[in-house]
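So you can see what is in the structure, the chains are spelled out below.
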Amino acid sequence: MDESDFEGTLVLEKMAEINKVDAFMEAIDSDDFGKAQALMKKAGVDPKTIAIVLRKMHEASGEH
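Residues numbered from 1 in each chain as written. Predicted model: local features only at pLDDT ≥ 70, side-chain atom pairs only at ≥ 80, totals over all residues. Heavy atoms only, no water.

### Notes on the overall build of the protein chain
Quick note on the threshold: Comment: elements are numbered from the N terminus, with helices defined as DSSP H or I runs of at least four residues and strands as E runs of at least two. We call a residue buried when its accessible area falls under 20% of the maximum for its residue type, exposed when it is over 50%, and partly exposed in between, using a 1.4 Å probe and counting protein chains only. Working rule for contacts: check all heavy atoms of both residues, and any pair within 4.5 Å makes them a contact. The Shrake-Rupley method, run with a 1.4 Å probe, gives the accessible areas here. Residue values count only the displayed protein chains as cover.
A tally of regular secondary structure across the protein chain gives four helices and zero strands. Reading the secondary structure of the protein chain in the N-to-C direction produces α-α-α-α. Out of the 64 residues in the protein chain, the part that is buried amounts to 25%. Considering only residue pairs separated by 6 or more positions, the protein chain has 56% of its internal contacts joining residues 24 or more positions apart. Accessible surface for the protein chain amounts to roughly 4,200 Å². Of this, 51% is attributable to carbon and sulfur atoms.

Have a look at this one:
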C-alpha cells in the first residue's frame, strides 16, 4: 500500500475483527506507539500500512 492509497478504515476493520477498536483508538489518542503497533500486528495489518499509521500518529502528535 502506498501512502496516497492509505485508507484508515481498513485498519479499523482489522481491529474490529479482533475486537480491539477501542483499545486501538485509546493507543492512538494517548500516542502509545508500541501498543498501536502491537495491536496492528496482532490484527494482521501489513508492515507497510503499520509504518504509515505510525508516521501519521507521529505527525499528529506534533500538532497538540
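Structure's up, so let's keep going.
### A short note on unusual backbone geometry
For Asn19, which is not glycine, the phi dihedral falls at a positive 60 degrees. Its location among the elements puts Asn19 in the loop between helix H1 (8-17) and helix H2 (21-29). The phi angle at Asp31 is positive, at roughly 55 degrees, despite the residue not being glycine. Inspection of the secondary structure puts Asp31 in the loop between H2 and helix H3 (33-43).

### Re the layout of surface pockets
Here is the rule: A 1.4 Å probe that fits but cannot get out identifies a cavity on a 1 Å grid over protein atoms alone, an open set with protein on both sides within 12 Å along at least five of seven lines counts as a pocket, and a residue lines either if it has an atom within 4 Å of a point. Grid points are joined across faces, edges and corners, and a volume is the space filled by probe spheres set on the points. Polar here means any residue outside two lists: the nonpolar Ala, Val, Leu, Ile, Met, Phe, Trp, Tyr, Cys and Pro, and the charged Asp, Glu, Lys and Arg; Gly therefore counts as polar.
Within this model, the largest pocket holds a volume of roughly 150 Å³. Looking at the largest pocket, it is lined by ten residues, and the ones nearest its centre are Gly8, Leu12, Phe24, Ile28 and Val53. Broken down by class, the residue content of the lining of the largest pocket amounts to eight nonpolar, one polar and one charged.

### Concerning the packing of H1 against H3
The cut-off we apply is this: Lines fitted to the C-alpha atoms define the axes, with helices restricted to the stretch that makes contact. Angles between their N-to-C directions range from 0 to 180 degrees. Oblique is the label for any angle not under 35 degrees, not over 145, and not in the 65 to 115 range, which are roughly parallel, roughly antiparallel and roughly perpendicular in turn.
Following both chains from N to C, one finds H1 and H3 inclined at 75 degrees, their axes separated by 9 Å at the closest point. The angle between H1 and H3 falls in the class roughly perpendicular. Where H1 abuts H3, its residues Val11, Lys14 and Met15 lie against Leu39, Met40 and Ala43. The class makeup of the residues in the contact of H1 with H3 is five nonpolar, no polar and one charged.

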